[in-house]
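Close look at the chain arrangement
As a plain string of letters, each chain reads:
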Amino acid sequence: MRKSTAKIFASTALVLVGALALSGCGGQPSGGDTSGSGASGGGLTGSVNTDGSSTVAPLTEAAADLFRDEESGVNVSVATSGTGGGFKTFCAGETDVSNASRPIKDEEAADCEAAGIKYTEIVAANDGLSVIVNPENDWAEDLTVEQLNLIWGPEAEGKITNWNQVDPSFPDQAITLFGAGTDSGTFDYFTEEINGEDGAIRTDYSPSEDDNITIQGVAGDVSAIGFLGLSYVEENEGVVKAVAVDGVMPSTETVQDGTYTPLGRPLFIYVNNASYVDKEQVKSFIDFYVANSAEIAERALFVPLTEDQVTTATDELASLG
Amino acid sequence: MSPTSTTATQPLRASAPIATGRNGEMRPSALAFLLLLWLSLFVAFAVLITLLITIFLTGQNKLSTALLFNFPSADPDEAGARPAILGSVWAIGATAVMTLPLGIAAAVHLEEFADRKRWFNRFIELNVQNLAAVPSIVYGLLALAFLSMLGVTNKNIVIGGAFALTLLILPVIIIATREALRAVPREIRDGSLALGATQWQTTWRQVLPASVPGIATGSILALSRALGEAAPLLVLGALVYITFDPNGLLSGYTTLPIQIFNWTGRPQEGFHELAGATSILLLAVLILMNALAIFIRNKFQKRW
Amino acid sequence: MTAIIERRGGPASGRAPAPASSFAGRRRPGEFLIKLALRLAAAVTVVTTVGILIALLIPSLSFFAEVPVLEFLFGTRWAPRFADASFGVLPLVTATLWTTLIALLVAVPFGLGAATLLAEYARPRVRKVLKPLLEILAGIPTVVYGFFALQFVQGTVLRDWLHLPTGAFSVLAAGLVMGVMIIPTIASIAEDAMSAVPQALRQGSAALGANRMQTTLRVVFPAALSGIVAAVVLGISRAVGETMIVAIAAGNQAQLVTNPLDQGQTMTGFIANAALGDSRVGSLEYNTLFAVGLLLFLITLLINFISIRFVRRFREAY
């Protein structure tokens, strides 16, 4: 009786120890995460915490992917609490970098200042905030800003529920709406440009901080409409399609030359100055981000920076270091 | 028409169906009823099989070592679940270390030492039953509040998730351990006490060793449940894109179910395939754990 | 020293004897500490419950300082994070009711059917095989169920095969899969309850000429009724508290659901979705999370109490 008890204990203990050991040393083919030279390139360690916009997140994720090839010992994490949510953690000193799809607001800047957080704003890429519909939607291919305001404005809540209310030539179908949630910079930007005031929007739509949900929603419903960053549209070609706004379709060219308006916008990363100066891995990551912005934007299907923007960004960085 | 059943002594449980004569059983209504019953069982299994087949069909393309060893990526062809796998190991490991001693100790107290007539102990029993049925997301809220109270700002740490999971499966472990303890006959305890042992010595040297298989089975099943949990960890910020291996109790992490949740929410087909493949992986691990539990029960369970 | 043993007849029951005070075993000093440690471990469960209550109550009180309770409980517009905010929780509650109802419509007939089959008709060997197989349904992680609900049930079955007027998410898909998930819960408790009915009752019924169906329907079901009710109530509790399936498949739109093919956001869905964003501790958004959590906890507490009473009744009856 004693022997079998001992056997059970021993085997369970072995399994647990084995699992922990595996996790501790086994599974890392490229370099270690403890101090020591990594097998590929640099030997930096430590973490870079980023949070914020789900529009910008794929860009930062692509940067993290490429960065890992150079510095495999650095732990980059990308959370997506939305631009507003990201600023809250940023101004509390919890993150090193804040991803933002709109500029920092005055209240947020004040919070940062009150907490003693100094930061630098860097334009990381461009975006054409796109309005999307289902690929089988053949009636709403070009919408004016007024029509968008009609669909999305606060007065539309409960009232504008059918496509033919937008334009009598549209079919008699109920509209389902998907879009960014209130913590999202995309939300702030869209409401400001289309409805005239930041935060002014009807509330009877499907809000989410995760733009993938918007894609899923529009892709699954013929009469759905949504709004999100252009990179998501490019990633999901054929699954959803973009709508021309005032006659202009969003694309790299129209965003860079400014014809896609008012929804063309820059995308930002905000860097905590203290993190940049004190933490070598953060400096390395940000330098890499800016220096390789074209490659990163291409990998993540974003609209890259114009030449002027690249120069500005590099100058900003130089002033930091 | 008198029934021709010849059942003599019947145990209390319905171990053998009672035959009541062929005529009664062959009536169309009785047959239809039986058919309906088999149908309901059949439907349940049919859905289960459909689920397993669809998961397998969706995920089979992505079942490869890349899934095990790669980090998440924006490109579905390159993405893997490595941080999630290690995160799960860390989270479940930490949970086991915290919950097993606590749950077994509590069960031993309730079963062996507590005076069951006192209202306080009955209250604890009722309480445990209640806790077993609280929605799992509430445990996430509890852990969130606890971490906030401690002043911890970054909620995405392994120990936070382990804390939520520990409390979540604690009632399950207590209930299972009590069942195992109850299965040990009184004679064992009485004999030990008759030889002059104290109650603790009896418990520690006779009752507990005898109930180890039952406890082990219950614990493994409870831990497998914790492995599949996602809701409390969502609240604790485990949905995060990380490019590193979770490597400590205070490390950032994500887990297999959260990774599945992440990939399910993405529109690209490639990510759905990854979600399917990770589901297969998770199911395989769960099957292994359950098989281990059943094996322990069958091999080591004592027949008194 | 002598140990005094109380003599009690009867078969081995395994119940622990009365506490040590009636036995004069040699006391060892460390044992006091050990027993104290055990007692503390048991107390942890009470601390957990108290902890849950406190954790939920404190932010909720801050919440109700800003939002009137009546507006919360009976308002029909749920827009907590918007500039023009409303905090009426009814949309979340109705969505929860819808998913629970649909789940029960699936789980109760199939669960009871399976339970009846296992308890009344199946031979012990068949039962030994079928029962664990049914338990597999309970072991599948809810995330995987959610994935199945979104991809297959909503996408393939409801949209592609049946061409129903529905979008990417629906309350129906979530409810149906939830129902399948709780079939084993209902089946196993109902089966326990039915098996606990003594054979004597069945024999008596058979002696009066009833066939198995009549015995089952007219004798066993009524006799096991409290257990069956306990099973259903426990199923309700699981359905109300389920998060992942609805978070994945039911959608994010908090609206008063009238058509199950529409989206809806349940209480658990809201908590999961809101928790994905960032809510500063002490802010109204943070407190909203806990207010909904409190409501959820109280509802499931009530349901569980009812269920436990029914379980006690059926366990004690025989």
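What you see is a predicted model; the values in this text were computed from it and never measured.

Overview of the overall build of chain A
Counting secondary structure elements, chain A contains 14 helices and twelve strands. Considering chain A as a whole, with its 321 residues, one finds that 51% of them fall into the buried category. If you take every contact in chain A between residues at least 6 apart in sequence, the share linking residues at least 24 apart comes to 75%.

Here we look at the overall build of chain B
Helix and strand content of chain B: twelve helices and one strand. The secondary structure elements of chain B, listed N-terminal to C-terminal, are α-α-α-α-α-α-α-α-α-α-β-α-α. In terms of C-alpha radius of gyration, chain B reaches 25 Å, well past the compact-globule figure of 19 Å for 304 residues. Taken over the C-alpha atoms alone, chain B extends approximately 75 × 65 × 35 Å along its principal axes. Relative to its full complement of 304 residues, chain B shows a buried share of 56%. For chain B, the proportion of contacts with a sequence separation of at least 24, taken over those separated by at least 6, is 74%.

As for the pairing of strand β5 (residues 130-133) of chain A
For a regular strand, side-chain orientation follows a simple rule: the groups alternate between the two sheet faces. Residues and elements named next belong to chain A. Residues of β5 alternate between two faces, with Ser130 and Ile132 on one and Val131 and Val133 on the opposite face, all of them buried. Pairing of β5 with strand β10 (residues 241-242), which is carried by two bridges, proceeds in the antiparallel orientation. By the bridge assignment, Val133 is partnered in β10 with Lys241.

Points about the pairing of strand β7 (residues 176-180) of chain A
Residue and element names in this part refer to chain A. With five of five residues buried, β7 lies mostly within the body of the structure. In terms of strand pairing, β7 meets strand β9 (residues 224-228) through three bridges, oriented parallel. Within the sheet, the bridge partner assigned to Thr176 lies in β9 and is Ala224. Note that β7 and strand β8 (residues 206-208) share three bridges and pair parallel. Bridged to Phe178 within β8 is Ser206.

With respect to the interface of chain C and chain B
Across the contact, 91 residues belong to chain C and 96 residues belong to chain B. By residue number, the principal contributor to the side of chain C that touches chain B is helix α1 (residues 29-66) of chain C, which donates 17 residues. Residue composition of the side of chain C that touches chain B, by class: 57 nonpolar, 24 polar and ten charged.

A closer look at the confidence of the model for chain A
Per-residue confidence for chain A averages 84 on the pLDDT scale, and 87% of its residues sit at or above 70. Every residue in residues 18-39 of chain A scores below 50 in pLDDT, and together they form 34 contacts with partners more than four places removed in sequence or on other chains.

Describing the environment of Arg218 of chain C
Within the secondary structure, Arg218 of chain C sits in helix α8 (residues 212-223). Along the primary structure Arg218 of chain C and Ala79 of chain C are separated by 139 residues, whereas in three dimensions their C-alpha atoms are 50 Å apart.

Notes on the sheet that holds β5 of chain A
Residues and elements named next belong to chain A. In spatial order, the strands read β8-β7-β9-β5-β10; together these five strands make up an open sheet with mixed pairing. Only two strands of the sheet have a single neighbouring strand rather than two, namely β8 and β10. Along the sheet face, helix α8 (residues 211-219) touches β5, β7, β8 and β9 and points at about 155° away from the line of β9.

A few points about the sheet that holds strand β3 (residues 97-100) of chain A
One open sheet accounts for six strands, arranged β4(A)-β12(A)-β3(A)-β1(A)-β2(A)-β1(B); its pairing is mixed. Across the chains shown, the open sheet's two edge strands, defined by having one partner strand only, are β4 (119-128) of chain A together with β1 (241-242) of chain B. Bridge analysis of β4 of chain A against strand β12 (residues 264-272) of chain A gives nine bridges, and the strand direction is antiparallel. Residue pairing for β12 of chain A: Asp127 of chain A is matched across the bridge by Arg265 of chain A.

Thoughts on the confidence of the model for chain B
Residue and element names in this part refer to chain B. Considering every residue of chain B, the mean pLDDT works out to 86; 92% of them sit at 70 or more. Below a pLDDT of 50 lies the segment residues 1-11, which in the model reaches 16 contacts outside its immediate sequence neighbourhood of four places, other chains included. Scoring the predicted complex yields pTM 0.85 and, for the interface, ipTM 0.86.

Focus: the packing of helix α12 (residues 269-300) of chain B against helix α5 (residues 142-161) of chain C
Packing of α12 of chain B against α5 of chain C leaves a shortest axis separation of 10 Å and a crossing angle of 145°. Relative to α5 of chain C, the crossing made by α12 of chain B is left-handed. In this structure, α12 of chain B uses His272, Ala275, Ser279, Leu282 and Leu283 of chain B to contact α5 of chain C, whose residues at the interface are Val144, Phe147 and Gln151 of chain C. Per-class residue counts for the contact of α12 of chain B with α5 of chain C are five nonpolar, three polar and no charged.

Some details on the nonpolar core
By size, the foremost hydrophobic cluster in this structure holds 285 residues, and its most contacted members are Leu59 of chain A, Leu234 of chain B together with Ala149, Val177 and Ile186 of chain C. Residue contacts for Ile186 of chain C: discarding those within four places in its chain leaves Ala107, Val108, Gly111, Leu112, Ala231, Val232 and Gly235 of chain C.

Here's the deal with the packing of helix α3 (residues 90-121) of chain C against helix α6 (residues 171-195) of chain C
Two numbers describe a pair of packed helices, the interaxial angle and the distance between the axes. Residue and element names in this part refer to chain C. It is the contact of α3 with α6, at a shortest axis distance of 5 Å, that shows an interaxial angle of 35°. The crossing of α3 and α6 is right-handed. Partitioning the contact of α3 with α6 into residue classes produces 27 nonpolar, six polar and two charged.

A look at helix α7 (residues 199-207) of chain C
All names here are of chain C. Those residues of α7 that fall on the buried side of the exposure criterion are Arg202, Ser205 and Ala206. Each buried residue of α7 lies within a common arc of 100° when the element is viewed along its axis, so the set occupies one face. Considering only its buried residues, α7 is in contact with α8. A positive backbone phi angle near 95° is found at Gly209, which sits one or two residues after α7.

Some remarks on unusual backbone geometry
Residue and element names in this part refer to chain A. Omega for the peptide link from Thr261 to Pro262 comes to 5°, which places this bond in the cis form. Its place among the elements puts Pro262 in the loop between α10 (252-256) and β12. In this structure, Asp246 takes a positive phi of about 55° despite not being glycine. Topologically, Asp246 is positioned in the loop between β11 (244-245) and α10. Judged by C-beta crowding, with 16 C-beta atoms within 10 Å, Asp246 ranks as partly exposed. Positive phi values are uncommon outside glycine, yet Leu301 reaches one of about 65°. Turning to its location among the elements, Leu301 is positioned in the loop between α13 (293-300) and α14 (307-320).

Quick notes on α8 of chain C
Residue and element names in this part refer to chain C. For α8, the set of buried residues is Arg212, Met213, Thr215, Thr216, Val220 and Ala223. Here the buried residues of α8 occupy an arc of 140° about the axis, which is enough to place them on one side. In α8, the exposed residues that point more than 90 degrees away from the buried face are Arg218 and Pro222.

What about the environment of Leu41 of chain B?
Along the polypeptide, Leu41 of chain B turns up in helix α2 (residues 28-59). The buried category is assigned to Leu41 of chain B, around which 22 C-beta atoms lie within 10 Å. Discounting chain neighbours no more than four positions away, the residues touching Leu41 of chain B are Gly113, Ala114 and Leu117 of chain C.

Definitions and cut-offs
Residues numbered from 1 in each chain as written. Chains lettered and ligands numbered in written order. Predicted model: local features only at pLDDT ≥ 70, side-chain atom pairs only at ≥ 80, totals over all residues. Helix = DSSP H or I, 4+ residues; strand = E, 2+ residues; numbered from the N terminus. Buried ≥ 20, exposed ≤ 12 C-beta atoms within 10 Å, placed from the backbone. Contact = placed C-beta atoms within 7 Å. Rg over C-alpha atoms; globule rule 2.2 N^0.38 Å. Pairing = 2+ DSSP bridges. Nonpolar A, V, L, I, M, F, W, Y, C, P; charged D, E, K, R; others polar. pLDDT = per-residue confidence, 0-100. Axes fitted to C-alpha atoms, helices over the stretch in contact; angles between N-to-C directions. Left-handed = near helix turned anticlockwise from the far one by under 90°. Core = buried A, V, L, I, M, F, W, Y, C linked by C-beta atoms within 7 Å. Arc of directions from axis to C-beta.

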